[in-house]
Amino acid sequence: MVKRVLAAAMTLLLFVSPALGEVTVESSEGEMYFPQEKNWTYHFLYAYPHIVGEDYTSALINDTYEMALDEMTQLVLPMFANAKDMRYDGQNEVRHGFSVQCNNGRVLSILQTREQTRGAEGDLYALEPLTFDVGGMYAGETLTLRGVTLIQAGVDSGKLEEVTAEDYPALAHIIDGSSVQMGEALLPVLYQEFQKLQESGRIAPQWTYDDYEDEFSPTRDFYTNDEGSILFFFPPMLLSAPSFDVPVFSFTPEELDAIAAVEEM
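Read on for an overview of the structure.

Procedures and definitions
Residues numbered from 1 in each chain as written. Predicted model: local features only at pLDDT ≥ 70, side-chain atom pairs only at ≥ 80, totals over all residues. Heavy atoms only, no water. Helix = DSSP H or I, 4+ residues; strand = E, 2+ residues; numbered from the N terminus. Rg over C-alpha atoms; globule rule 2.2 N^0.38 Å. Buried < 20%, exposed > 50% of the residue type's maximum accessible area, 1.4 Å probe, protein only. Areas by Shrake-Rupley, 256 points an atom, 1.4 Å probe, with all protein chains shown as cover. Lys, Arg positive; Asp, Glu negative; His and termini not counted. Charge placed at Lys NZ, Arg CZ, Asp CG, Glu CD. Axes fitted to C-alpha atoms, helices over the stretch in contact; angles between N-to-C directions. Parallel < 35°, antiparallel > 145°, perpendicular 65-115°, else oblique. Contact = heavy atoms within 4.5 Å. Nonpolar A, V, L, I, M, F, W, Y, C, P; charged D, E, K, R; others polar. Phe/Tyr/Trp six-rings, centres within 6.5 Å; stacked < 30°, edge-to-face > 60°. Pairing = 2+ DSSP bridges. Core = buried A, V, L, I, M, F, W, Y, C linked by side-chain atoms within 4.5 Å.

**Some words on the overall build of the protein chain**
For step 1, the next point in the chain: When you go through the protein chain residue by residue, the secondary structure sums to 6 helices and 10 strands.
For step 2, the next point in the chain: Taking 18 Å as the expected radius of gyration for a compact globule of 265 residues, we find that the protein chain reaches 20 Å, a close match to that expectation.
For step 3, the next point in the chain: Taken along its principal axes, the extent of the C-alpha atoms in the protein chain is 65 × 50 × 25 Å.
For step 4, the next point in the chain: Sorting the 265 residues of the protein chain into buried and exposed places 49% on the buried side.
For step 5, the next point in the chain: Summing over all exposed atoms, the protein chain offers an accessible surface of approximately 13,100 Å²; the carbon and sulfur share of this is 52%.
For step 6, the next point in the chain: Each charge class in the protein chain can be summarised by its mean position, and for the 14 positive and 43 negative side chains these summaries are 11 Å apart.

The following block contains the structure:
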């Protein structure tokens, strides 16, 4: 039996008086034990975002995180608790948290943190970003790298497929391209930073370019901020000492367009 010690409905208000257009984000928190509170092998502490409101946008975003919580509590952790090779030191903790990186009435960008203790094998850290449209025709849905970049540059989310380079000359290469092409253009640029961090010792020296490409994806490992910049981060596991203090690289939409232009040459 799984026992929830802190009710999932317990919330902490993060934005008491949101500015015009912002959504109100609360923290839905709880604590559970697996396979049961007595003689547990996994202790789960979590905080997931919960959007206040009865509208369709709020429901879609909340569904995303409720499904993630259900997957952890109904599938992943029960399986871990009953698998001998996943017990490690016999009492392991899993912690999920989050932070709001952007809430500007156009997009809501959430960065979720995941930490798992694994006994002598060391802790496991992961970051999972999601950016949602909250002010346009895709409200409540997650956005691609191209979509986030264009919306933050001022393009209406309902016109992402209709906008032309003539409308926004400074974004011409992003408009005429795709998220995949943006990612391909960024990989060599950010690999130079990756190599510098290896030289300084912050990133483990054993990682090759293939490892870099396998573990880091510009089309996945990004979020945005209230200033409209797009931020990319290297996953925690690539660090010499894994933690949530990861290297972050910030670009304006115009800078990303310039990188895409170089790739096309």
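**Comments concerning the packing of helix 2 (residues 145-152) against helix 4 (residues 179-200)**
For step 1, the next point in the chain: Viewed as axis vectors pointing N to C, helix 2 and helix 4 meet at an angle of 90°, and their least axial separation amounts to 7 Å. By the criterion of interaxial angle, the relationship of helix 2 to helix 4 is roughly perpendicular. Together, Leu 145, Arg 146 and Thr 149 of helix 2 and Ser 179, Met 182 and Leu 186 of helix 4 make up the contact between the two elements.
For step 2, the next point in the chain: Partitioned by chemical class, the residues of the contact of helix 2 with helix 4 number 3 nonpolar, 2 polar and 1 charged.

**Thoughts on the packing of aromatic side chains**
For step 1, the next point in the chain: Taken as a whole, this structure holds 20 aromatic pairs when the rule is applied.
For step 2, the next point in the chain: Centre to centre, the rings of Phe 194 and Tyr 212 are 4.9 Å apart; their planes meet at 55°, and the pair counts as tilted. Of this pair, Phe 194 sits in helix 4 while Tyr 212 sits in helix 5 (residues 209-215), and the two are 18 residues apart along the sequence.
For step 3, the next point in the chain: Every member of this aromatic cluster is reached through a ring pair, and the members are Tyr 191, Phe 194, Tyr 209, Tyr 212, Phe 216, Phe 234 and Phe 249.

**Things to note about the sheet that holds strand 10 (residues 248-251)**
For step 1, the next point in the chain: The 3 strands lie next to each other as 8-9-10, forming an open sheet whose pairing is antiparallel. Among the strands making up the open sheet, the edge pair consists of strand 8 (222-224) and strand 10. Ignoring strand direction, the axes of neighbouring strands in this sheet form an average angle of 25°.
For step 2, the next point in the chain: Sheet analysis places strand 9 (residues 230-233) next to strand 10, joined by 4 bridges and oriented antiparallel.

**Overview of the nonpolar core**
For step 1, the next point in the chain: Residues Leu 190, Phe 232 and Phe 234 are the most contacted members of the largest nonpolar core, which totals 42 residues.
For step 2, the next point in the chain: Among the elements of the structure, strand 6 (107-116), helix 2, helix 3 (172-175), helix 4, strand 8, strand 9, strand 10 and helix 6 (253-264) are those that each provide at least two residues to this core.
For step 3, the next point in the chain: With 8 residues, the single largest contributor to this core is helix 4.
For step 4, the next point in the chain: Among residues more than four places away in sequence, those in contact with Leu 190 are Tyr 212, Phe 216, Phe 232, Phe 234, Phe 249 and Phe 251.
For step 5, the next point in the chain: Grouped together as the second largest cluster of nonpolar side chains are 27 residues, Phe 34, Tyr 48, Tyr 65 and Leu 69 included.

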